[in-house]
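If you want the building blocks of each chain, they are given just below.
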Amino acid sequence: MNLILFGPPGAGKGTQAKHLVNKLNGFQVSTGDMLRDEIKKDSEIGQKIIKDMNDGKFVNDEIVNKLIKNVVFDPQKRDKLIFDGYPRSLSQAQNLESLMDSSKQKIDFVFFLNVNKDTIIKRIEKRKILEKRSDDDLNTILKRYETYMVTTKPVLDFYAQNPNFYQIDGTLKIEEITAKIDAFINV
Ligand code: AMP
């Protein structure tokens with residue numbers, strides 16, 4: 001089973017992805033984590049992306065799509081993909097469709113965790129203390145939210161037409177969201 005967790009920064013995608021990894025013996029495909037790893041390693045990619053990430057801007061598609069392609073075509077991860085933070089733009093969604101087609105896989109579920117701006121700000125300010133992420137300060141949060149609204153909203157419209165699209169209230173408690181997801185996937 002392959003699925004997408006979709007929603008604004010701070011919606012709880014990462015938390016639910018970890019639950020699904022355990023439940024389905026799957027792989028979390030977090031482009032944010034992959035990009036942060038590149039920065040930590042101080043790789044060539046890391047050096048290219050550090051500024052955009054700290055400014056709350058998108059990293060360019062070419063870099064992100066390449067990371068995703070490697071994962072989609074990894075035989076060990078096949079049909080166990082839990083996307084968290086990808087796709088984030090219409091062109092990424094189209095890229096993913098084409099990668100899934102050419103690797104003969106499909107997306108079984110798209111879950112949209114819907115959260116309002118005030119909740120996001122409160123959650124990310126808490127996460128900043130726990131995880132010490134350099135892109136979790138208030139200005140960057142607002143920028144990331146704005147980027148989400150402009151660029152990521154069309155992805156929502158793209159998936160909302162699919163019968164396997166489910167919207168979940170992301171302001172619910174973690175366990176309540178988990179229970180809803182579990183009921184939809186029914187395993
Ligand atoms: P996240 O951990 O998903 O909140 O992502 C943190 C940051 O990584 C974002 O603000 C972007 O700068 C970058 N990023 C993560 N995923 C993507 C993506 N799919 N496309 C472009 N940039 C991304």
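Look a little higher up for the structure.
Residues numbered from 1 in each chain as written. Predicted model: local features only at pLDDT ≥ 70, side-chain atom pairs only at ≥ 80, totals over all residues. Heavy atoms only, no water.

Undergrad: Before we go on, may I ask you to explain the site of the ligand in this structure?
TA: Around the ligand there are 16 residues in total, and Thr31, Arg36, Lys57, Arg88 and Gln92 lie nearest to it. In the model, a nitrogen atom of the ligand is placed 3.1 Å from a nitrogen or oxygen of the glycine 85 main chain. One of the side-chain nitrogen or oxygen atoms of arginine 88 is found 2.9 Å away from a nitrogen atom of the ligand. Compared with its free state, where it exposes 480 Å², the ligand has 96% of that area covered by protein. It is helix H2 (residues 31-41) that provides the largest number of residues to the shell around the ligand, a total of four residues. (Near = heavy atom within 4 Å. Polar contact = N/O pair within 3.5 Å; in protein donor to acceptor, adjacent residues only side chain to side chain. Areas by Shrake-Rupley, 256 points an atom, 1.4 Å probe, with all protein chains shown as cover. Helix = DSSP H or I, 4+ residues; strand = E, 2+ residues; numbered from the N terminus.)

Undergrad: Just to check I follow, could you spell out the environment of lysine 143 for this structure?
TA: Turning to its location among the elements, lysine 143 is positioned in helix H7 (residues 138-160). Assessed through its relative accessible area of 29%, lysine 143 is described here as partly exposed. As for lysine 143 and lysine 57, which are separated by 86 residues in sequence, their C-alpha atoms are 7.5 Å apart. Discounting chain neighbours no more than four positions away, the residues touching lysine 143 are Asp55, Gly56 and Lys57. (Buried < 20%, exposed > 50% of the residue type's maximum accessible area, 1.4 Å probe, protein only. Contact = heavy atoms within 4.5 Å.)

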